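Structural features, examined
Spelled out, the chains give:
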Amino acid sequence: MDVDEGRVTYSKSGRVKSLLTADDLGPGGGNSAAQLTDVQNRLRDFIILFRTGGEYSYVYLEALKDNIHLGRNYLEIDLEDFKAFERGAPFQYGDLIREHPSRWLPVFEAAAQEAARKHDMFGQLDSHEIQIQLYWKTKPCLIRDIKSINMGKLCAVPGIVVKCSETKQKVIHAVLQCTSCKSEIKQDIPASLASPQLPSYCQANTNTDSGAKCRPNPYIIRPDRCRYINVQYIKLQELPEDVPTGELPRHVDLQVDRELVAKVRPGQRLFAVGISSIFNDAVKERGRKAAGVRRRYLKGVGLMLFSPDGTPTSVNANFSALRPSGTLLWNTKQEKEFKELAASPTLYEDLANSLAPSIYGHENIKKACIAQLFGGTRKKLTDGGRLRGDMNILLIGDPSTAKSQLLKAVYGVSPIGVYTSGKGSSAAGLTATVGREPQSNGKGGGFYLEGGSMVLADGGIVCIDEFDKMREQDTVAIHEAMEQQTISVAKAGLSTVLNSRTSVLAAANPSMGCYDPLKSNEEQMNFKATIVSRFDLIFKVLDPPDREKDARIATHVVGLHRGGTHGTQVEGKIPRSVLKTFVAYCRAQIITKLGADAEQRLKDFYVETRKSAFAVQKNSDKSIIKITVRQLESLVRLTEALAKMRCQTQATAADAEEAIRLYKISTVDAINSGVIETALDSMQEEAIVDLEHKIESKVPIGTQVSTVTLVATLSALGYEEDIIQRALLVMSKRGILKYKSHKRYITRQQSAIS
């Protein structure tokens, strides 16, 4: 019995019998039977005879043999190899596959199966279908650029995986049975999203007598006798850098089957080689299905992951190991320019000045952001643990100090970046969410996992503006992502761990709007200590009145609005495009470790700081700053980043000194800038004790009052506002009072002592 697959028919011997039309063969029509036989033989010869020279002589023949031996029934083909194999030929068979993949991929798979049988690769096992997977390093076609002209052709589409369905089984060879006469027929089902169409009448009963006829629509599917393949549906989203300003990212559905199933997970960046196709979805206009309107999707025939250097790497490790990796982001000439740039003695200052050159000042913050872009080195320990190399930075301070502009500048320079606002971000939007697939019968389908911003920014930077506006339960959700760089999900029966190897650059305002030097950081930073400790550097961004500085800033801003005149340099020394590519190059190619002198300097600083801190604490009641192991790891990452930007594999003592300097002027300075008067005299202490009784009388248990109203009421009784704030802070630490809505309201709780 013959098996019909599309329009190509195979007998039991596996030889081609029926033919495609001349139009499907491309150039040189005529005798289509001879052409079809010639094409299949030519594709078989390509698999058997193609050589790359050297150690890997017959690449595809050896790969096919290894795959079949390991039970992997696929063969991955690089389309560019057809050019080398058919050099000088008037007709390229690779063009047939690119222009008519739906017609010629089955022929290619038959040629692979014939080559395997010819070399006795199956042995005593039954022969299996060989899936052809395509690897294609070509100019990518963006999701929004897929048009009608691409229908039915191969496309290489870049994107981020945001959703993966569970593995499902799809019937490709169905056995149908008539419910009236019990006769059976066989039907091949195309491997597409279209639903199978069952015959409306019995094909075995040809009796014209109405009484002996079978009923209409008599066929049912016999599931136990059908043949299936594994399929998976993937939702692919445009890369953030490919989305035009002001527009939403586009999506496309990707269907993969057989050996391509379960190869990717949410958050991974990939090139999907697929056939641009359409299916009849329920597209409705005014409540009715629109005639002739179809929904596009990609039928995946190959998957290529983004490697850290931007190179497309096959999802099959054995294929990528056979051939050199090409580079999409830079060439040999650019690599030489990068090494010359790294050798510049003013590289550090040039990089900092080229980041947001329109922003005046903030030199140290820019240097820290540059170090964050390059990052440290990720390390895998012998016990299986991992140490992160990505840095987290927090900017907190007055409004109108260009914090948001700095975040935008870093987001624009980062090779992989996601920008979001704290007020509009939820825990699920930042980490991951679990949804349920709809089904046509109205019942919910299986569950799927969809990655959030920190998953999509894997390998890059997440810029979170208005960090102080985030809800407490949302900030708790990113604790694991900021330190362990993973996101654990255990919902709806799904238990998995997603990678979130990303840096976090956050900007926040003090709880009262502006930074008050008379108040402690605890009063002004509306954050938990657990989230603050995960930031490697914390910069306090203030706007104090300074006549000379204000004049320089005014000159700079006015010069920007007048088109960059009066000596105002808007463009940095290093162009933005070069800086972005240079960052990607260093992150991908340079692996930096601590040198002996740098390691010794960091150890000495850690020991000396802790020793002096405990000595001060022993002889004084003044609050001190302790350095912990977490801060020591921050210094290591910062030191490695400073060396990596110079393309050095070992960090020096000078890098360690600069890292310590940045740490002192950021985190240490921000924490040390507490209350100016650290000690209270006896009268102030008595006033605070008296104030506690007054506050308890003004705020009954379980009630909520306005903070401004309460402070005004107590001020009218003759108490100083600073003493009132101290009393409120003490009572909140004891658990008697609780702030709500960013300290706009106060609620009194039951005292733990009473």
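So, a few notes on the structure that sits alongside this text. The structure presented is a predicted model; accordingly, all values stated were derived computationally and were not measured.

Overview of the sheet that holds strand 19 (residues 417-421)
One open sheet accounts for five strands, arranged 19-22-25-18-26; its pairing is parallel. Looking at strand neighbours, the two that pair on one side only are strand 19 and strand 26 (537-541), the edges of this open sheet. Sheet twist, expressed as the average angle between the axes of neighbouring strands with direction ignored, equals 15°. Those strands touched by helix 10 (residues 403-413) are strand 18 (392-397), strand 19, strand 22 (461-465), strand 25 (503-508) and strand 26, and its axis lies near 160° from that of strand 22.

Some words on helix 5 (residues 101-118)
Helix length check: helix 5 (18 residues) gives 25 Å between terminal C-alpha atoms against 26 Å at 1.5 Å per residue, within 8%. Most of helix 5 is tucked away, with 13 of its 18 residues classed as buried. Positive backbone phi, approximately 55°, marks D120, located one or two places after helix 5.

Considering the nonpolar core
Ranked by internal contacts, the top residues of the largest apolar core, which has 59 residues, are L351, L395, L505 and F582. In this view, L505 contacts C369, Q372, I393, L395, L407, V410, I461, V462, C463 and I464; residues no more than four positions away in its chain are not counted. By size, the runner-up hydrophobic cluster in this structure holds 43 residues, among which are I77, F85, Y135 and W136.

Let's talk about helix 7 (residues 332-342)
Restricting attention to buried positions, one finds in helix 7 the residues F338, L341 and A342. On an axial view of helix 7, the arc spanned by its buried residues comes to 95°, and they lie on one face. Among the exposed residues of helix 7, those oriented more than 90 degrees off its buried face are T332, K333, K336 and E340. Its buried side turned inward, helix 7 meets helix 8 (347-354) and helix 18 (576-589).

Quick word on the packing of helix 8 against helix 9 (residues 363-374)
At a closest axis distance of 9 Å, the pairing of helix 8 and helix 9 adopts a crossing angle of 100°. As summarised for this structure, helix 8 and helix 9 are arranged roughly perpendicular, according to the angle between their axes. Between helix 8, through Y348, E349, L351 and A352, and helix 9, the contact on the second element is made entirely by K366, K367, I370 and F374. Tallied by class, the residues present in the contact of helix 8 with helix 9 amount to five nonpolar, no polar and three charged.

Cut-offs used in this document
- Residues numbered from 1 in each chain as written.
- Predicted model: local features only at pLDDT ≥ 70, side-chain atom pairs only at ≥ 80, totals over all residues.
- Heavy atoms only, no water.
- Pairing = 2+ DSSP bridges.
- Helix = DSSP H or I, 4+ residues; strand = E, 2+ residues; numbered from the N terminus.
- Axes fitted to C-alpha atoms, helices over the stretch in contact; angles between N-to-C directions.
- Contact = heavy atoms within 4.5 Å.
- Expected span 1.5 Å × (residues − 1).
- Buried < 20%, exposed > 50% of the residue type's maximum accessible area, 1.4 Å probe, protein only.
- Core = buried A, V, L, I, M, F, W, Y, C linked by side-chain atoms within 4.5 Å.
- Arc of directions from axis to C-beta.
- Parallel < 35°, antiparallel > 145°, perpendicular 65-115°, else oblique.
- Nonpolar A, V, L, I, M, F, W, Y, C, P; charged D, E, K, R; others polar.

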